[in-house]
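Residue-level listing of the chains:
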Amino acid sequence: MNSDEYLVVMTTVDSVAGAEGLATTLVERRLAACVQITGPVSSTYRWEGEITRSQEWLCLIKTRRASYEALEAAIRELHSYQTPEIVAVPIVAGSAEYLKWIDEETRNP
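Residues numbered from 1 in each chain as written. Predicted model: local features only at pLDDT ≥ 70, side-chain atom pairs only at ≥ 80, totals over all residues. Heavy atoms only, no water.

Colleague: Teacher, can you tell me more about helix 3 (residues 96–105) here?
Modeller: Owing to its 3.6 residues per turn, the α-helix aligns residues three or four sequence positions apart on the same side. The set of residues buried in helix 3 consists of Leu99, Ile102 and Asp103. The buried side chains of helix 3 occupy one side of the element, clustering within an arc of 100° when seen end-on. (Buried < 20%, exposed > 50% of the residue type's maximum accessible area, 1.4 Å probe, protein only. Helix = DSSP H or I, 4+ residues; strand = E, 2+ residues; numbered from the N terminus. Arc of directions from axis to C-beta.)

So, in structure tokens, the structure goes:
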């Protein structure tokens, strides 16, 4: 199993309910094997020329590289932000059993 076929995709949302709804939908659609939610986290960023601080919930989404485009489209569809954070990080190493599980959970039956 080649670990570079797998990704952790990160996005942040403005509420725990929003994070849980996103997580459930992504797993139901088999775009993610798992979504871990952590937060609240404090975010500081520039938006529309102003420094902004907000509380957000970070979603760590485990998926296959082959699912990325559909996953990104689903996040954009479901997200409340005009410009959501959608960042993918390759999994450079991982246990064979875990990677196999991601593979199995993100393939359509």
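Colleague: Hey, could you run me through helix 1 (residues 16–28) in this one?
Modeller: Look at helix 1: 18 Å from first C-alpha to last across 13 residues, which is about the 18 Å you get at 1.5 Å a residue. Three or more residues of helix 1 are buried, namely Ala19, Leu22, Ala23, Thr25 and Leu26. Of the surrounding elements, those touching the buried residues of helix 1 are strand 1 (6–13), strand 2 (34–47), strand 3 (50–64) and helix 2 (68–78). Phi for Arg30, located one or two positions after helix 1, is positive at around 60°. (Expected span 1.5 Å × (residues − 1). Contact = heavy atoms within 4.5 Å.)

Colleague: Can you help me understand the pattern of salt bridges in this one?
Modeller: Opposite charge on two side chains makes pairing possible when the charged atoms of those side chains draw close. Applying the stated criterion to the full structure yields 5 salt bridges. In this structure, Glu105 and Arg30 form a salt bridge, with 3.8 Å as the shortest nitrogen-oxygen distance. Here Arg30 lies in the loop between helix 1 and strand 2 and Glu105 lies in helix 3, a separation of 75 residues in the sequence. A salt bridge links Arg107 to Asp103, with the shortest nitrogen-to-oxygen separation between them at 2.8 Å. Residue Arg107 is classed as partly exposed on the basis of its relative accessible area of 41%. (Salt bridge = Lys/Arg side-chain N within 4 Å of Asp/Glu carboxyl O.)

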